[in-house]
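These are the residues of each chain, in order.
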Amino acid sequence: EDEKPVAANIMYLADQLDRLIGLELSTKPDEELMRTMPRHEWDTAWRYHEGLMTSISAAILASTFADEVFRAQEDDEEDGGYYSEDDSDDGSEDDSDDDSEDGPGRDEL
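Overview of the structure. (Residues numbered from 1 in each chain as written. Predicted model: local features only at pLDDT ≥ 70, side-chain atom pairs only at ≥ 80, totals over all residues. Heavy atoms only, no water.)

**Comments concerning the packing of helix 1 (residues 7-27) against helix 3 (residues 39-62)**
Phase 1: One can describe the packing of helix 1 onto helix 3 by two numbers: an axis separation of 10 Å at closest approach and a directional angle of 150°. Here helix 1 is positioned roughly antiparallel relative to helix 3, judged by the angle of their axes. Seen from above, helix 1 lies across helix 3 with left-handed handedness. Where helix 1 abuts helix 3, its residues Ile10, Leu13, Ala14, Gln16, Leu17, Leu20, Ile21, Leu23, Glu24 and Thr27 lie against Trp42, Trp46, His49, Leu52, Met53, Ile56, Ser57, Ala59 and Ile60. (Axes fitted to C-alpha atoms, helices over the stretch in contact; angles between N-to-C directions. Helix = DSSP H or I, 4+ residues; strand = E, 2+ residues; numbered from the N terminus. Parallel < 35°, antiparallel > 145°, perpendicular 65-115°, else oblique. Left-handed = near helix turned anticlockwise from the far one by under 90°. Contact = heavy atoms within 4.5 Å.)

**Some points on the side chain of Thr27**
Phase 1: Residue placement: Thr27 occurs in helix 1.
Phase 2: Look at Thr27 and you get buried, because its relative accessible area is 17%.
Phase 3: Reaching out from Thr27, the side chain makes a polar contact with the side chain of Ser26 at a distance of 3.4 Å.
Phase 4: In this structure Thr27 touches Leu33, Trp42 and Trp46, once residues within four positions along its chain are discounted. (Buried < 20%, exposed > 50% of the residue type's maximum accessible area, 1.4 Å probe, protein only. Polar contact = N/O pair within 3.5 Å; in protein donor to acceptor, adjacent residues only side chain to side chain.)

Read these as geometric descriptors, not functional statements.
Listed below in C-alpha cells is the structure:
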C-alpha cells in the first residue's frame, strides 16, 4: 500500500517552499555575491534551486492538502510576505567545534 502524505509533512514542504522563495528574492539579485563565484556555478545553483522548488510544488499539488497549504500561504503573505531572516531562528544552538562567526573567505581556500 502507498504511504499517504500527512498534513504536517505537506505543511513542512510548504514552509520550505516559502523559505526558498525568500532565498531567491534576497539572494538572486545580489550582483556582488554573484561576482564571488564562477558564472557556471551560479547558474547551476539556481537551476538546482528551480528544480527543488518544482519538485516541492509538485509534491504539494499531488497531496490532498494543496488547498489548505495555499490558503495558509496567502494568509502569510497578507501578514508580511515571504520568509525573512528573522524567521530562521529555530531555537537551536551552533554545536560545531568551530568558534568562528563565518567560514573561511574565498581567498583563504
